[in-house]
Amino acid sequence: MAWQSCRLLSMGYYDKEEEPRLTYKETPFRVFRRKRGRRRSGAGTVAKKLSPSPLADDVDHLLPQDGGDKNSFWTRFSPKTVAGLLFIILMCFGGCSYIMYDSSRTGVNQSSGWLENMGWAGNDLGKMQAQLTKLQDDMAGVDVKMMQMQLKELQDELFGLTKKLLPVADTMPNFALESQGANVLHHLTSQTYYTQPPLVTFWGIPLWYPPANPRTVIQGHSSPLTPGHCWAFAGRRGHLLISLSHPVTITHVTLGHISGMQSTAGFAYSAPREFSVYGIKTANGETTRLGTFVYDPNGESLQTFKLPDHTKGVFRFVKLQIESNWGHPEYTCVYNFRVHGKMPLISVTP
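Every chain is numbered on its own, with residues counted from 1 as its sequence reads. Given that this is a predicted model, residues contribute local features only at a pLDDT of at least 70 and side-chain atom pairs are listed and counted only at 80 or more, while totals for whole chains, interfaces and linings are drawn from all residues. Excluded from the side-chain calculation are hydrogens and water; included are all heavy atoms of the structure.

Participant: Sorry, what's going on with the overall build of the chain here?
Facilitator: Each helix corresponds to a stretch of at least 4 residues labelled H or I by DSSP, and each strand to a stretch of at least 2 residues labelled E; elements are numbered beginning at the N terminus. Summing up its helical and strand segments, the chain has 2 helices and 11 strands in all. Tracing the chain from N to C terminus, the helices and strands come up as α-α-β-β-β-β-β-β-β-β-β-β-β. Burial classes: relative accessible area under 20% of the type maximum marks a residue as buried, over 50% as exposed, and values in between as partly exposed (1.4 Å probe, protein chains only). Looking at the chain as a whole, 27% of its 350 residues qualify as buried. Per element, the accessible surface of the chain, about 25400 Å² overall, is 59% carbon and sulfur. All accessible-area figures derive from a Shrake-Rupley calculation using a 1.4 Å probe, and residue coverage is judged against the displayed protein chains alone.

Written out as structure tokens, the structure is:
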């Protein structure tokens, strides 16, 4: 018995003897795609060739006529439907083309406007850079001026501090300095007054006093001066004769004494008050009065005085004459004495 189709059996194409009214042959076709590299067996069904039958005319209307393709797409739609679809497709294509054209024009306009804006922005940026450069130059000039002013102020302050910390006498050469060759002429100097008790005595007779002689005055002790480390002479009047280290034209002299704050009495009573300076050209020569000055006990320890006239000649010796002190009845103390000036020019003959 031939193979029975379930579909035809349900539709009543078999007779009572279960014989088909129409015999046919099915062609095999694949239901699923074959994967590459793999072979599948039994992918189709067994086909049977159609054979004529008395009932073939009853199903002719179910099969395509004139050898037509039963899978043809255009046979399923009417001409009006196809025309409508074509019209819709053309309208869509035209609309898309217009939108793309309009978008391109808008983009070109926006691009040109953006370029113009960029040009304006570039010009503004150039102007701002020029202004910034000019401002920086102006600020640089101002900074330089301000720095110069600040530097000058700092220099002035430093000079003031140096002047306060460093006595003026320390900034000038000293020609009455023992270490440079100056010395005291003791036989022409007032006698020393010993303010301290003797260190060595014999049966009440003093044998040796602490070292206090006129050389202390020219040994160059600077500020701060040490209380008691001085040369004293009896009374309020006395004198000191110094042989300078070099012949010199005298311009300034410096006299030193401890301040009142360093004194045990609270005031420098033993300090010289009025004193005069004399210049002597030779050992046996005449004295030349160079000036008279007053020492201030409330001022600095080392006080420098300028001579009113320093063109009186070149001197080899200097005499310091103390005229009075600030109230001490027994003695007067001198801590430091300096002579400042310039050495004469030496002409060398060939």
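Participant: Looking at this structure, I do not really get the pairing of strand E7 (residues 287-294). What am I missing?
Facilitator: Within a regular strand, side chains alternate between the sheet's two faces. In the sheet, strand E6 (residues 274-280) pairs with E7 via 7 bridges, with the strands oriented antiparallel. From the neighbouring strand, glycine 279 faces E7, where its bridge partner is threonine 288. Here E6 folds back onto E7, and the loop between the two strands holds 6 residues. Two strands qualify as a pair provided that DSSP identifies no fewer than 2 bridges between them.

Participant: In this structure, what is going on with the nonpolar core? I would like to understand it.
Facilitator: Generally speaking, soluble globular proteins have nonpolar side chains that are buried together. The biggest cluster of nonpolar side chains holds 30 residues, and the ones touching the most others in it are Ile250, Val253, Leu255, Phe275, Val277 and Phe337. Counting residues per element, the ones that place at least two in this core are strand E4 (231-234), strand E5 (238-256), E6, E7, strand E9 (315-322) and strand E11 (336-342). Here a residue-residue contact requires only that any non-hydrogen atoms of the pair lie within 4.5 Å. Those residues in contact with valine 277 that sit more than four places away from it in its chain are Val253, Thr288, Arg289, Leu290, Gly291, Phe293, Val318, Lys319 and Phe337. The next biggest cluster of nonpolar side chains, apart from the first, holds 8 residues, and it includes Leu225, Cys230, Ile258 and Leu302. Side-chain atoms within 4.5 Å are what join buried Ala, Val, Leu, Ile, Met, Phe, Trp, Tyr and Cys residues into a set we call a nonpolar core.

Participant: So what exactly am I meant to see when it comes to the packing of aromatic side chains here?
Facilitator: Each aromatic ring pair is characterised by the separation of its centres together with the angle its planes make. Between 30 and 60 degrees the pair is tilted, below 30 it is stacked and above 60 it is edge-to-face, where a pair is any two Phe, Tyr or Trp rings, Trp via its six-membered ring, whose centres lie within 6.5 Å. One pass over the structure, following the stated rule, counts 6 aromatic pairs. Consider the rings of phenylalanine 275 and phenylalanine 305, whose centres lie 5.4 Å apart with planes at 70 degrees: the pair is edge-to-face. One end of the pair, phenylalanine 275, is in strand E6; the other, phenylalanine 305, is in strand E8 (residues 302-306), and 30 residues separate them in sequence. Members of the aromatic cluster, connected to one another through ring pairs, are Phe275, Phe293 and Phe305. A ring is considered to have a charge above it if a Lys NZ or an Arg CZ atom is located within 6 Å of its centre and within 35 degrees of its normal. Residue placement shows arginine 273 over the ring face of tryptophan 326; its charged tip is 4.3 Å from the ring centre.

Participant: Is there a simple way to explain the pairing of strand E10 (residues 331-334) in this structure?
Facilitator: Residues of E10 alternate between two faces, with Tyr331 and Cys333 on one and Thr332 and Val334 on the opposite face, all of them buried. Relative to E10, E4 runs antiparallel, the two being bridged by 4 bridges. Counted as the bridge partner of alanine 232 is cysteine 333 from E10.

Participant: I tried to follow the pattern of salt bridges on my own but got confused; where do I start?
Facilitator: Any two side chains of opposite charge can pair, on the condition that their charged atoms come close. Counted as salt bridges are all cases of a side-chain nitrogen of Lys or Arg within 4 Å of a carboxyl oxygen of Asp or Glu. Tallied over the entire structure, the rule returns 4 salt bridges. Measuring nitrogen to oxygen at the nearest pair gives 2.7 Å for the salt bridge that ties glutamate 178 to arginine 215. Of this pair, glutamate 178 sits in the loop between helix H2 (79-165) and strand E1 (183-184) while arginine 215 sits in the loop between strand E3 (205-208) and E4, placing them 37 residues apart in sequence.

Participant: Just to check I follow, could you spell out the side chain of histidine 257 for this structure?
Facilitator: The residue histidine 257 is located in the loop between E5 and E6 in this model. We classify histidine 257 as buried; its relative accessible area is 2%. Of note is the side chain of histidine 257, whose polar atom sits 3.2 Å from the side chain of serine 270. Contacts of histidine 257, omitting those with residues within four sequence positions, involve Leu225, Ala268, Ser270, Ala271, Pro272, Tyr295, Ser301, Cys333 and Tyr335. Distance and chemistry together define a polar contact, namely a pair of N or O atoms within 3.5 Å, with one atom able to donate a hydrogen and the other to accept it when in protein, and with adjacent residues in sequence counting only for side-chain atoms on both sides.

Participant: Looking at this structure, how should I read the side chain of glutamine 321?
Facilitator: Tracing the backbone through its elements, the reader meets glutamine 321 in strand E9. For glutamine 321, the side chain forms a polar contact with the main-chain oxygen of glycine 238, separated by 3.4 Å. Once residues within four sequence positions are removed from consideration, glutamine 321 is found in contact with Arg237, Gly238, His239, Glu274, Phe275, Ser276 and Tyr278.

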